[in-house]
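# Breakdown of the fold
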Amino acid sequence: MSETSTSAADGPDEAASQSRDRLAFDLDVDICVVGAGLAGLTVAREAARLGASVAVLEGRQVGWNASGHHLGTVMPGYGLPIADVIERVGLDDARELWALSKEGADYVRATATEDLIPGINPSDGALEVSNVDIGEALISRLQTLGEDFAAEVEGWQVDRVRSVLRTGRYFHGIYYPRALQIDGRKYVHGLAALAVRTGVRIFEETPVVSIDFSGIRKRIVTPTARLRANHIVLAGNIHLGSPLKRLSDTLLPVWRYAALTEPLGERLAEAVAFTGSVVDSDGIDHFRVVDGDRLLWASPETTWDARPKRLGAAVQRRIATVFPQLGKVPIADTFGGAVGVTVHGMPQIGQLRRGLWVASGFGRQGLSTSALAGQMIARSILWGDDRWRLFSPFELVWAGGATGRVAGHFVSLWARGASSAAGVLARYREGARAREQAREARLAEANLKAGTRGPAPRRPPGAAMRPVAPPAPRPVEDGAAPHRHASQESERISDGRM
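What counts as what
Residues numbered from 1 in each chain as written. Predicted model: local features only at pLDDT ≥ 70, side-chain atom pairs only at ≥ 80, totals over all residues. Heavy atoms only, no water. Helix = DSSP H or I, 4+ residues; strand = E, 2+ residues; numbered from the N terminus. Buried < 20%, exposed > 50% of the residue type's maximum accessible area, 1.4 Å probe, protein only. Contact = heavy atoms within 4.5 Å. Areas by Shrake-Rupley, 256 points an atom, 1.4 Å probe, with all protein chains shown as cover. Polar contact = N/O pair within 3.5 Å; in protein donor to acceptor, adjacent residues only side chain to side chain. Pairing = 2+ DSSP bridges. Expected span 1.5 Å × (residues − 1). Arc of directions from axis to C-beta. Salt bridge = Lys/Arg side-chain N within 4 Å of Asp/Glu carboxyl O. Core = buried A, V, L, I, M, F, W, Y, C linked by side-chain atoms within 4.5 Å. Axes fitted to C-alpha atoms, helices over the stretch in contact; angles between N-to-C directions. Parallel < 35°, antiparallel > 145°, perpendicular 65-115°, else oblique. Nonpolar A, V, L, I, M, F, W, Y, C, P; charged D, E, K, R; others polar. Phe/Tyr/Trp six-rings, centres within 6.5 Å; stacked < 30°, edge-to-face > 60°. Lys NZ or Arg CZ within 6 Å of the ring centre and 35° of its normal. Left-handed = near helix turned anticlockwise from the far one by under 90°. Patch = residues over 30% accessible without salt bridge, like charges linked within 9 Å, V, L, I, M, F, W, Y side chains within 5 Å. pLDDT = per-residue confidence, 0-100.

In this section: the overall build of the protein chain. The helix and strand inventory of the protein chain stands at 12 helices and 17 strands. For the protein chain, the residues scored as buried account for 48% of the 498 residues in total. In the protein chain, 76% of the contacts between residues at least 6 apart in sequence involve partners at least 24 apart. On the protein chain, roughly 25,200 Å² of surface is accessible, and the fraction owed to carbon and sulfur atoms is 53%.

In C-alpha cells form, the structure reads like this:
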C-alpha cells in the first residue's frame, strides 16, 4: 500500500523540541545506525531491547524529513501490487512477505498507544478506492488477499463507497478494518524517546564523513569524532551523503506535498463520512479527516524540491475536483517531504556485506514496511534470523541519476493523466447507462398509461436468434396415404359434410 510524506501536526511537539547533542567523543558500540528516521529508530530500539549497545547518527534532526511528515496510515502490503509480487517471487514467498508486512503493522499498533506515546490518537480503518469500475478485478483481488494471504479485508460495492464518500469519482473499494492511522510526527519522536529509554544513544547534527567497511570492527568518521561498531545499518534516505552515494543513487528522489485545511464544520461531514484513511488505488490521492472537521490531503508529486506553499493551490483544486460541494476550501498549512523510491517498487532490506546492512527505499511503502525492516534487521544481527533473504530478488538497481528524475517526472505525469482519462471514461459510461435506464423507464411508463404492450426486450448485440421448432406432423389415419408435402388443397375448409 502507498504512503505519503505529509503530517497533520501544526508544529513540533515537546519531544521534537528536545535537542540531542552531536557526537563529540570517540565511541565503541555493537551497532551503529545511520539515519534517525522510522526504520533506523526501530532497528535501534529493537536491538537495544535484545541487549546490544547502539548509537544512532543523524545528519540533521530526528524525523526531519519524510519520517516526520506523513499521514500516519498503517496497513499491510507494499508499494508493488501483490499480483506483481507473486509473479516475481512465487506464491509461497509472497505469502511470507505479506506476513512480514502484517507483523510490521502489528508492531506499530502495539507501539502507538496512549500509554507509550501520549497524544498519538490512533483510530481504525482504511479504505482503498478505485476511480474506475473494476468489479471483476475487485473480486479477484479480494479472493487473493482473503484466501491466499488470510488478510482481513472487505469488498465494498459502489453504493456503499459513495454512501461515505459523496462523490461520483470513486467506484468500488477494499476496506481494511485492521488498518489504523496515527499522528505521524508524534510517532517518530515518541519512537526516539522509547529507544533512548532502552539505552540507545542518539546524536543529531552528526553527518557521516567516511566509512571503512573492512575488518570485523567497522570505522565511521564524523566531523568531530570517530565511532567503531561490529555492524552498521544504513537506514537513511536519499540524504545519506557522499560516502554512501552509490546507495543513494539507487533511489529516485520524490517529493510529495499535502495540505491541511482550516476547520470546515458540518459541511465536511456531509461530503466525507468515513473516519479512516482513504487511498486512491492509482496512488494519486490520499486523505483523511483530522480533528473532526479538517481535511488532510496529499496529492501533488515532483522529482525536485519545491516550496510546499507553492503547491497548496494544487491540493486545493484537487479537493474541489473530487468533492465539488466543498468548493475552494481554505488552507491552513502545507507540507512536503522527500522519499526514496526504488526502481522495482519494493524496499531495500538486507545485508550488503558482512556487518553492513541496509534499510531504505521506503517511498510509497508505508509505516508497516519501515517497522518490519527495523524488527527484522535487529533480529538478523542478534538472532541470526535470515528472513531478510526474501527481499534478495529485489536487488539494488541504479535509479538513473538526473535522467531518471526527468523520466520519473514524465512517467508520473503520464500515470496521472492515464488515470484521469480512465476515470472520465468510466464516469461517462456510468452516465450513459443511467440515461439509457431512465429512457427505458419513461418509455415503459408511457406504454403503461397508453394501455399498450411495450416493445419486445432488446437482444444483446451479437446474440443469435433462437431457432423455432417446426410444427409436429399430423397423425396419419388408418388407410389414408401420407402426404409428403403440405398443400393448400389439403387444408380446405370443411363445408360441414362428412
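Attention now moves to the environment of S163. Position of S163 relative to the elements: it lies in helix 6 (residues 158-164). Separated by 109 residues in sequence, S163 and V272 place their C-alpha atoms 9.0 Å apart. Within the local environment of S163, its side chain forms a polar contact with the backbone oxygen of R160, the two atoms lying 2.6 Å apart.

Here is the key point about a regular strand: its side chains alternate between the two faces of the sheet. In terms of burial, strand 1 (residues 27-34) is a largely internal element, 6 of the 8 residues being buried. The pairing of strand 1 with strand 2 (residues 54-57) spans 4 bridges and is classified as parallel. The residue of strand 2 that forms the bridge with V33 is V56.

Moving on, we come to helix 4 (residues 91-111). Between its first and last C-alpha, helix 4 extends 30 Å over 21 residues, near the 30 Å set by a 1.5 Å rise per residue. Every buried residue of helix 4 is accounted for by A94, L97, W98, L100, S101, G104, A105, Y107, V108 and T111. Down the axis of helix 4, the buried side of the element spans an arc of 170 degrees, and every buried residue falls inside it. Residues of helix 4 that are exposed and point over 90 degrees away from its buried face: D92 and A110. Looking at the packing, one finds that the buried side of helix 4 touches helix 2 (38-49), strand 3 (73-74), helix 3 (82-89), helix 5 (135-148), helix 7 (184-197) and helix 11 (367-383).

Take the pattern of salt bridges next. For the structure on display, the rule yields 14 salt bridges. Close ionic contact of D28 with R228 constitutes a salt bridge, the shortest N to O distance being 2.9 Å. Placement of D28 in strand 1 and of R228 in strand 10 (residues 226-234) is noted, with a sequence separation of 200 residues between them. Owing to a relative accessible area of 38%, R228 belongs among the partly exposed residues under this scheme. E103 is the salt-bridge partner of R387, the closest N and O atoms lying 3.4 Å from each other. Separated by 284 residues along the polypeptide, R387 in the loop between helix 11 and helix 12 (401-450) and E103 in helix 4 bring together distant segments of the chain. Assessed through its relative accessible area of 31%, E103 is described here as partly exposed. One connected set of salt bridges, linked through shared partners, spans D28, R217 and R228.

Grouped together as the largest cluster of nonpolar side chains are 69 residues, with contacts concentrated most on V33, V54, L97, I182, Y187, V233 and F391. Ranked by the residues each element gives to this core, the list is headed by helix 11, at 8 residues. If sequence neighbours within four positions are ignored, V54 has contacts with V29, I31, V33, A44, A47, A48, G199, V200 and R201.

Our next topic: unusual backbone geometry. We note that N121 has phi near 55 degrees; this positive angle belongs to a residue other than glycine. Note that N121 resides in the loop between helix 4 and strand 4 (123-129). Here the phi dihedral of E205 falls at roughly 50 degrees; this positive angle occurs in a residue that is not glycine. As for its position among the elements, E205 is in the loop between strand 7 (201-203) and strand 8 (210-212).

It is at 11 Å that the axes of helix 4 and helix 7 come closest, and there the two elements cross at 80 degrees. As the angle between them shows, helix 4 and helix 7 are arranged roughly perpendicular. Residue-level inspection shows Y107, V108 and T111 of helix 4 in contact with helix 7, the latter providing Y187, L191 and L194. Within the contact of helix 4 with helix 7, the residues separate by chemical class into 5 nonpolar, 1 polar and no charged.

In the structure shown here, the tally under the stated rule is 10 aromatic pairs. Among the aromatic residues, ring-to-ring pairing joins W156, Y175 and F274 into one connected group. Its end group placed over the ring of W64, R60 keeps NZ or CZ at 4.0 Å from the ring centre. In this structure, R162 packs its charged tip against the face of F171, placed 4.9 Å from the ring centre.

In this section: the pairing of strand 16 (residues 348-353). The pairing of strand 16 with strand 17 (residues 356-360) spans 5 bridges and is antiparallel. The residue bridging R353 from the neighbouring strand is L356, located in strand 17. Between strand 16 and strand 17, which pair antiparallel and follow one another directly, the connecting turn spans 2 residues, one of which, G355, has a positive phi of 85 degrees.

Here the focus is the packing of helix 2 against helix 11. Running from N to C, helix 2 and helix 11 cross one another at 35 degrees; their axes reach a closest spacing of 8 Å. Pair helix 2 / helix 11 crosses with right-handed handedness. Taken together, the residues of helix 11 that come into contact with helix 2 (itself represented by L38, A39, T42, V43, E46 and A47) are L367, S370, A371, A373, G374, Q375, I377, A378 and L382.

Looking now at helix 5. When the terminal C-alpha atoms of helix 5 are compared, their 19 Å separation across 14 residues agrees well with the 20 Å that a helix rising 1.5 Å per residue should span. Buried residues along helix 5 sit against helix 3, helix 4, strand 5 (154-156) and strand 6 (173-181).

This next bit is on a nonpolar patch on the surface. A cluster of nonpolar side chains, contributed by L50, L382 and W383, occupies part of the molecular surface with about 310 Å² of accessible area. The residue L382 is located in helix 11 in this model. For L382, a relative accessible area of 34% puts it in the partly exposed group.

To continue, consider the confidence of the model for the protein chain. As a general rule, the predicted coordinates of low-pLDDT regions are not to be interpreted in detail. Looking at the protein chain, the pLDDT average stands at 82 and 80% of residues meet or exceed 70. Under a pLDDT of 50 for its full length, residues 1-7 has, in the predicted model, 50 contacts with residues more than four places off or in other chains. Under a pLDDT of 50 for its full length, residues 9-18 has, in the predicted model, 14 contacts with residues more than four places off or in other chains.

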